[in-house]
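Below, each chain spelled out in residue letters.
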Amino acid sequence: PSPETLEDRIALLSNEAFQMRMWAYYLHPFVTFIAALGAYVIAKRHDPGFALLGIVFIGLWAFSEALQQALSIVALNWTWRGTYLAADAATQALYRSHMSMFDALWDGLFFLLLSGFVLGSLFMGVALLRARGFDLLIGALFLVVSALAMLNFMAGYTGTKYPWAKLD
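Residues numbered from 1 in each chain as written. Predicted model: local features only at pLDDT ≥ 70, side-chain atom pairs only at ≥ 80, totals over all residues. Heavy atoms only, no water.

### A closer look at helix α5 (residues 133-157)
Residues separated by three or four positions in an α-helix point in the same direction, a consequence of the helix having 3.6 residues per turn.
So, step 1. Over its 25 residues, α5 extends 36 Å from the first C-alpha to the last, a length consistent with the 36 Å expected when each residue adds 1.5 Å.
So, step 2. Within α5, the full set of buried residues consists of D135, G139, F142, S146, A149 and F153.
So, step 3. Lining the buried residues of α5 we find α2 (16-46), α3 (48-84) and α4 (89-127).
So, step 4. One or two residues past the end of α5 sits G159, with phi positive at roughly 80°. (Helix = DSSP H or I, 4+ residues; strand = E, 2+ residues; numbered from the N terminus. Expected span 1.5 Å × (residues − 1). Buried < 20%, exposed > 50% of the residue type's maximum accessible area, 1.4 Å probe, protein only. Contact = heavy atoms within 4.5 Å.)

Below, the structure is given as C-alpha cells:
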C-alpha cells in the first residue's frame, strides 16, 4: 500500500524492494538514453535535422529524470528522511519544510522531463517518417509514445478530462 504518513515513508528506506525501485528509476534514463542514441544514428540517415532535435530533447528528458531521481535518493531519502528520526525537534521541523518544498521541485522537474519526452519522441518520430520497414515502425512507435505522453501532459497540466479516464 502507498505510504500515508511521514513515518511510513521513512520506513520505506529499510524496504529492499523500495531501494531497488529507487535505483532502477535512477538508472533508467541512462540506459534509455543509450537506446535513444541508437535510434538517433538510424534517424539521422533519414532526416538529420529532426533527428538532432529529437536527441537533444530526449537528452533533456534523460538529464531531468536523472536529476529528479538523484535528488530523490540523496536529498529526500538519505538526508531528510534518513536522519529525521535522530534529529532534534527544530531540525525535524526544518526537514518537514524541506520535504514539503521538495514535492513542488519534483513536480517542476517532472514538467521539464515530460516536455523533453514529448518533443523528443515527436521529433524522432518525424525524422523516421520517410523511412521504410523496421525504421518506419520505430518512427511510428515514437509518434504513438509522443501522443500518449502529450495526453498525460494535458491531463496533468491543463486539467483536460478524457472520457476513458477513471472518474474521481
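### A short note on the packing of α4 against α5
So, step 1. Two elements in contact, α4 and α5, have axes separated by 8 Å at closest approach and are oriented at 150°. Considering their axes alone, α4 and α5 lie roughly antiparallel with respect to each other. Viewed along their axes, α4 and α5 form a crossing whose handedness is left-handed. Of the residues in α5, those touching α4 at D107, F110, F111, L114, S115, F117, V118, S121, L122, M124, G125 and V126 are G139, F142, L143, V145, S146, A149, M150, N152, F153 and Y157.
So, step 2. Of the residues assigned to the contact of α4 with α5, the class counts are 15 nonpolar, 6 polar and 1 charged. (Axes fitted to C-alpha atoms, helices over the stretch in contact; angles between N-to-C directions. Parallel < 35°, antiparallel > 145°, perpendicular 65-115°, else oblique. Left-handed = near helix turned anticlockwise from the far one by under 90°. Nonpolar A, V, L, I, M, F, W, Y, C, P; charged D, E, K, R; others polar.)

### Overview of the packing of aromatic side chains
So, step 1. Within this structure, the stated rule accounts for 9 aromatic pairs.
So, step 2. Each ring, one from W23 and one from W78, has its centre 6.3 Å from the other, and the planes form 50°; the classification is tilted. With W23 in helix α2 and W78 in helix α3, this pair connects stretches of sequence that are 55 residues apart.
So, step 3. Look at F111 and F153: their rings are 5.2 Å apart centre to centre, the planes differ by 40°, and that puts the pair in the tilted class. Of this pair, F111 sits in helix α4 while F153 sits in helix α5, and the two are 42 residues apart along the sequence.
So, step 4. Judged by its relative accessible area of 38%, F111 is partly exposed.
So, step 5. Residue F153 is classed as buried on the basis of its relative accessible area, which comes to 15%.
So, step 6. Three or more aromatic residues joined by ring pairs make a cluster, and in this case those are W23, Y26, F30 and W78.
So, step 7. Sitting above the plane of the Y25 ring, R21 keeps its charged end 4.7 Å from the centroid. (Phe/Tyr/Trp six-rings, centres within 6.5 Å; stacked < 30°, edge-to-face > 60°. Lys NZ or Arg CZ within 6 Å of the ring centre and 35° of its normal.)

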